Amino acid sequence: MSEIKEDITRNPFTVPDGYFESLEDRVRERIHRPATPFATFVMKAKPAFMMALMFAVIAGFGWLASKVTPLIYDGPAAPDDPIMAMIEEGYLESSFIYAYFEEIDVDEAFTYSLENTITIDGEIEEDLESTLTEDDMWEHLDSQDTLDWTETGADR
Amino acid sequence: MTEDKEILDAFRQEGKEDYAFNLLVRRYSRDLYWQIRRMVFDHDDADDLLQNTLIKAWKYLPDFREDCRLYTWLYRIAVNETINFLKSKRLRTMFSLTGKERTLAEKFTADPYFSGDEITRRLYAGMEKLPPRQKVIFTMRYFDQMKFDDIAKVLKRTVGSVKASYHHAFVKMKRYLGEED
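Residues numbered from 1 in each chain as written. Chains lettered and ligands numbered in written order. Predicted model: local features only at pLDDT ≥ 70, side-chain atom pairs only at ≥ 80, totals over all residues.

(A) Quick peek at the overall build of chain A. Check the secondary structure of chain A and you find 9 helices and 0 strands. Starting at the N terminus and walking to the C terminus, you meet the elements of chain A as α-α-α-α-α-α-α-α-α. Across the 156 residues that make up chain A, the buried fraction comes to 4%. When contacts within chain A are restricted to residue pairs at least 6 apart in sequence, long-range pairs at least 24 apart make up 19% of them. (Helix = DSSP H or I, 4+ residues; strand = E, 2+ residues; numbered from the N terminus. Buried ≥ 20, exposed ≤ 12 C-beta atoms within 10 Å, placed from the backbone. Contact = placed C-beta atoms within 7 Å.)

Here it is in structure tokens:
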């Protein structure tokens, strides 16, 4: 670099003869040249066209991403932990796990969790809203009979 | 500054715009041309960019706020025009359908307006590989010996980013010239 630096004072470029002398006239001719209708249209339409192009490119990327994502990603892998699996599947609410680790009354948390995960018919719901007691709820759950209570360890 | 004042005063007087513009072209076109030419190398490209710069100057001179020298303002227009040109040229080369562009060495050999020796060809060939902004900053610093503060003002960037760009350009040039040895 140092040997090159010594040579930089010499300008290796030249210009055609009379270039600078004719520059004024050429620039003025361009300034006063009337713009063609097409050139005027291009000048006016260019910003709108560029903006439309930008939106099209963004939409294109979005569409491409929606097509490509299912090919390379098919959802999270099933967790090994059975409790985490139940949360993932929607059978348990995370509040249950929270209660478990925070040593809150697990039965209470589990009951809360069941209340929020079991679907109740509209007619029964109205009834429950007005007269809901703990016994009523257990009775309702018995009638549903969809859970194996021995596995849950819940105190009936 | 006196010349700037003369040009601007004339430009603001009705009927004297052409005279003012002639003064401006006569006073600054040579310096601007050489600055541009060193960045784009080719005479026709430099001529186009110089004319575009002067036409923009004519168009926007009424908006010139006089917060810097007239030459600094013109130089800023020229540099922005040049950077945009180099960017579009880079894109054109990238997506060229006609195959590889002629190398710079071939262009210099065929260019009647270039008379550089081997070492100068190597230097410019290295510069051709730099990204547009780095190329411009390298030219301003290395050839024109401009201060980083002044380069930052012209490009409206921070001094830190200008220094970083120059550093990257310098390292690339050193590596390129080292490989050539």
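(B) Highlighting the overall build of chain B. Helices and strands together make up the secondary structure of chain B, namely 9 helices and 0 strands. In chain B, the succession of α and β elements from N to C terminus is α-α-α-α-α-α-α-α-α. Among the 181 residues that make up chain B, the fraction classed as buried is 28%. The long-range fraction of contacts in chain B, counting pairs at least 24 apart against all pairs at least 6 apart in sequence, stands at 59%.

(C) View of the confidence of the model for chain B. In the predicted model, chain B carries a mean pLDDT of 86, and the fraction of residues at 70 or more is 91%. At the level of individual helices and strands, chain B shows its lowest average pLDDT in helix α5 (residues 104-110) of chain B, which scores 70, and its highest in helix α3 (residues 43-60) of chain B, which scores 93. (pLDDT = per-residue confidence, 0-100.)

(D) The arrangement of helix α7 (residues 132-143) of chain B in detail. Residue and element names in this part refer to chain B. With 12 residues, α7 ought to run about 16 Å at 1.5 Å a step, and its terminal C-alpha atoms sit 16 Å apart, in line with that. For α7, the buried fraction is high: 9 of the 12 residues fall into the buried class. Those residues of α7 that sit buried are Gln134, Lys135, Val136, Ile137, Phe138, Thr139, Met140, Arg141 and Tyr142. Note on α7: the residue one or two positions beyond its end, Gln145, has a positive phi of about 55 degrees. (Expected span 1.5 Å × (residues − 1).)

(E) Summary view of helix α2 (residues 17-40) of chain B. The sharpest bend along α2 of chain B reaches about 50 degrees and sits at Tyr28 of chain B. Looking one or two places after α2 of chain B, you find Phe41 of chain B, whose phi comes out positive at around 70 degrees. (Bend = angle between axes of the 7 residues up to and from the residue.)

(F) Highlighting the interface of chain A and chain B. With 16 residues of chain A in contact, the opposing surface of chain B contributes 20 residues. Secondary structure elements with two or more residues in the side of chain A that touches chain B: α1 (2-6) and α2 (19-32) of chain A. No other element matches α2 of chain A, which puts 7 residues into the side of chain A that touches chain B. A breakdown of the residues in the side of chain A that touches chain B according to their chemical character gives 10 nonpolar, 1 polar and 5 charged. (Nonpolar A, V, L, I, M, F, W, Y, C, P; charged D, E, K, R; others polar.)

(G) Main features of unusual backbone geometry. Residues and elements named next belong to chain B. Even without being a glycine, Phe41 presents a positive backbone phi close to 70 degrees. With respect to the helices, strands and loops of the structure, Phe41 is situated in the loop between α2 and α3. In this model, Glu66 sits at a positive phi of 60 degrees, which is unusual for a non-glycine residue. Along the chain, Glu66 turns up in the loop between α3 and α4 (70-94).

(H) Seen up close, the nonpolar core. One finds Leu32, Ile36, Leu50, Leu74, Ala78, Ile137 and Phe138 of chain B to be the most contacted residues of the largest nonpolar core, which totals 37 residues. Elements with a contribution of two residues or more to this core: α2 of chain A together with α2, α3, α4, α6 (118-128), α7, α8 (148-155) and α9 (159-180) of chain B. At 9 residues, α2 of chain B tops the list of elements feeding residues into this core. Each residue touching Leu50 of chain B, except ones within four places of it in the same chain, is listed here: Ser29, Leu32, Tyr33 and Ile36 of chain B. (Core = buried A, V, L, I, M, F, W, Y, C linked by C-beta atoms within 7 Å.)

(I) Quick peek at the environment of Tyr113 of chain B. Summarising the element assignment, Tyr113 of chain B is placed in the loop between α5 and α6. Between the C-alpha atom of Tyr113 of chain B and that of Phe41 of chain B, which follows or precedes it by 72 residues, the distance is 9.6 Å.

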